[in-house]
Amino acid sequence: MSIRDRLKDKKRVVIKIGSSSLTHPETGRLDLIKLEILVRELADLHNQGKEVIVVSSGSIAVGRAAIGLQEKPSQLAQKQACAAIGQARLMTIYQKLFAEYSQTAAQILMTKYTVKNEVTRENVRNTFHSLLSMGAIPVVNENDSISTDEIEFVNTFGDNDTLSALVAAMVDADLLILLSDIDGLFTDDPHVNPDAKFIDVVDHLDEALMDMGKGSTGSKVGTGGMATKLSAAKIATSAGADMVIANGADFHVIHKIVQGRNHGTLFLSDKKDRADLHAMFENL
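Residues numbered from 1 in each chain as written. Predicted model: local features only at pLDDT ≥ 70, side-chain atom pairs only at ≥ 80, totals over all residues. Heavy atoms only, no water.

Here the focus is the packing of helix 3 (residues 59–66) against helix 4 (residues 76–100). One can describe the packing of helix 3 onto helix 4 by two numbers: an axis separation of 6 Å at closest approach and a directional angle of 95°. Between helix 3 and helix 4, the interaxial angle falls into the category roughly perpendicular. Here Ser-59, Ile-60, Val-62, Gly-63, Arg-64 and Ala-66 of helix 3 come into contact with helix 4, specifically with Lys-79, Cys-82, Ala-83, Ile-85, Gly-86, Gln-87, Arg-89 and Leu-90. (Axes fitted to C-alpha atoms, helices over the stretch in contact; angles between N-to-C directions. Helix = DSSP H or I, 4+ residues; strand = E, 2+ residues; numbered from the N terminus. Parallel < 35°, antiparallel > 145°, perpendicular 65-115°, else oblique. Contact = heavy atoms within 4.5 Å.)

Laid out in structure tokens, this is it:
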């Protein structure tokens, strides 16, 4: 029995979609064909009886394209305006596509302070649990339009890598899938080092592995490099969830991962004491 066979039995799954996986690289506009495939994949997971939470980046990229900005906005107010325009458009599309498969999408927007504060953290946890019990699919993003101190240069949550791990920890998910523009974890950056070796399974995140993370990203629209993905892995696995980093170029990879096929890097859960998780939230 393969170690990946354990992924078949996961019941509560958080799936993070990066900006670069949602947009056309040439224009920065939404790739609607890919979005349709994504929603069909998620709806089918839900039809299998799994609880599904989507953490979706893309609000700033969608808003930027809507108003014709060719490059990432540099001013904070511009970023927030793009986020306000883009988040509404993005959520409208998600709701329409999910409705085609008789699914109900719900929006949850969070900031760092939502997670840090024990009261608001408990409130949002209860909201997640209520939505899941109702059969809804929560679509989560950072609330960039009001997070004035959080998006000055990049998102606090690293293109939602960290946010997705925190959500997984809050709702006691048993699987987190991070989809980005890289196949998984390598011994070095494969974009610049052709000799970099792919790492199939990580059973324990030690300091040597954490040091492999790079703070940069090759994407024009994303802000999350490998460093944020490894930090996310630390959070998710400590909370008791397995995590997979995989390439989001083809969203069909979602059902392949859940079927236990050999895609991406699998990080095995390494659950810590809940008190440690509480301190982790408080120290964000």
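Let us now look at the UniProt feature "binding site: ATP" (unreviewed entry) in the protein chain. When the UniProt feature table is mapped onto this chain numbering, "binding site: ATP" (unreviewed entry) sits at Lys-16, Ser-180, Asp-181, Thr-223, Gly-224, Gly-225, Met-226, Ala-227, Thr-228 and Lys-229. Here Lys-16 lies in strand 1 (residues 12–17). A distance of 2.9 Å separates the side chain of Lys-16 from the side chain of Asp-161, its partner in a polar contact. Residue position: Ala-227 is located in helix 9 (residues 226–238). (UniProt positions renumbered as here; feature names shortened; annotations may be inferred. Polar contact = N/O pair within 3.5 Å; in protein donor to acceptor, adjacent residues only side chain to side chain.)

The next subject is the nonpolar core. Ranked by size, the top nonpolar core spans 45 residues in total, and within it Met-110, Phe-128, Val-140, Val-167, Met-243 and Phe-267 carry the most contacts. It is helix 7 (residues 161–170) that contributes the most residues to this core, seven residues altogether. Apart from the residues lying within four places of it in its own chain, the contact partners of Phe-267 are Leu-185, Val-202, Leu-205, Leu-230, Ala-233, Thr-237, Asp-242, Met-243 and Ile-245. Within the second largest apolar cluster, 35 residues are counted, among which are Leu-45, Met-91, Phe-251 and Ile-254. (Core = buried A, V, L, I, M, F, W, Y, C linked by side-chain atoms within 4.5 Å. Buried < 20%, exposed > 50% of the residue type's maximum accessible area, 1.4 Å probe, protein only.)

The next thing to look at is the environment of Lys-271. Relative to the assigned elements, Lys-271 resides in the loop between strand 10 (265–267) and helix 11 (274–282). Judged by relative accessible area, Lys-271 falls into the exposed class, the value being 55%. Spatially, the C-alpha atom of Lys-271 lies 9.8 Å from that of Asp-242, the residues being 29 residues apart in sequence. With near-sequence residues (within four places) excluded, Lys-271 lies in contact with Thr-237, Ser-238, Ala-239 and Gly-240.

The subject of this paragraph is helix 2 (residues 32–47). Over its 16 residues, helix 2 runs 22 Å from end to end, which matches the ideal 22 Å to within 8%, given 1.5 Å per residue. Every buried residue of helix 2 is accounted for by Lys-34, Leu-35, Ile-37, Leu-38, Val-39, Glu-41, Leu-42, Ala-43, Leu-45 and His-46. Sitting at the head of helix 2, Asp-31 places a side-chain oxygen 3.3 Å from the backbone nitrogen of Ile-33. Following helix 2 by one or two positions, Gly-49 has its phi on the positive side, about 95°. (Expected span 1.5 Å × (residues − 1).)

We now examine the packing of aromatic side chains. Any pair of aromatic rings gets described here by the distance separating the centres and the angle formed by the planes. For the structure shown, the criterion picks out two aromatic pairs. Geometrically, the ring pair formed by Phe-186 and Phe-198 is edge-to-face, given 5.3 Å between the ring centres and 70° between the ring planes. You can see Phe-186 sitting in strand 6 (residues 185–186) and its partner Phe-198 sitting in strand 7 (residues 198–199), a full twelve residues away along the chain. One Lys or Arg, Lys-34, reaches over the ring of Phe-251 and ends 4.7 Å from the middle of that ring. (Phe/Tyr/Trp six-rings, centres within 6.5 Å; stacked < 30°, edge-to-face > 60°. Lys NZ or Arg CZ within 6 Å of the ring centre and 35° of its normal.)

Time to look at the pairing of strand 5 (residues 175–180). Within strand 5, six of the six residues are buried, which leaves the element mostly enclosed by the surrounding structure. Covered by surrounding structure in strand 5 are Leu-175, Ile-177 and Leu-179 together with Leu-176, Leu-178 and Ser-180, the residues of both alternating faces. Two strands pair when backbone bridges link them, and strand 1 and strand 5 are joined in this way by five bridges, in the parallel orientation. Across the sheet, residue Val-14 finds its bridge partner in strand 5, namely Leu-176. (Pairing = 2+ DSSP bridges.)

Attention shifts here to the environment of Ser-57. Considering the arrangement of structural elements, one finds Ser-57 in the loop between strand 2 (51–56) and helix 3. Exposure remark for Ser-57: the relative accessible area of 2% places this residue in the buried category. Considering only alpha carbons, one finds Ser-57 and Val-140, 83 residues apart in sequence, at a separation of 8.4 Å. Reaching out from Ser-57, the side chain makes a polar contact with the side chain of Asn-160 at a distance of 3.2 Å.

The next subject is unusual backbone geometry. One non-glycine residue, Ser-102, lies in the positive phi region at around 60°. Take Ser-102: it is sitting in the loop between helix 4 and strand 3 (105–110). The class for Ser-102 is exposed, based on a relative accessible area of 69%.

Attention now moves to the sheet that holds strand 5. Adjacent strands of a sheet form backbone hydrogen bonds with each other and so pair up, either parallel or antiparallel. One open sheet accounts for eight strands, arranged 3-4-2-1-5-9-10-8; its pairing is mixed. Lying at the two open borders of the sheet, with one neighbouring strand each, are strand 3 and strand 8 (201–202). Bridge count for strand 8 against strand 10 is two bridges, and the pairing is parallel. Looking at strand 10, one finds that Val-201 is bridged to Leu-266.

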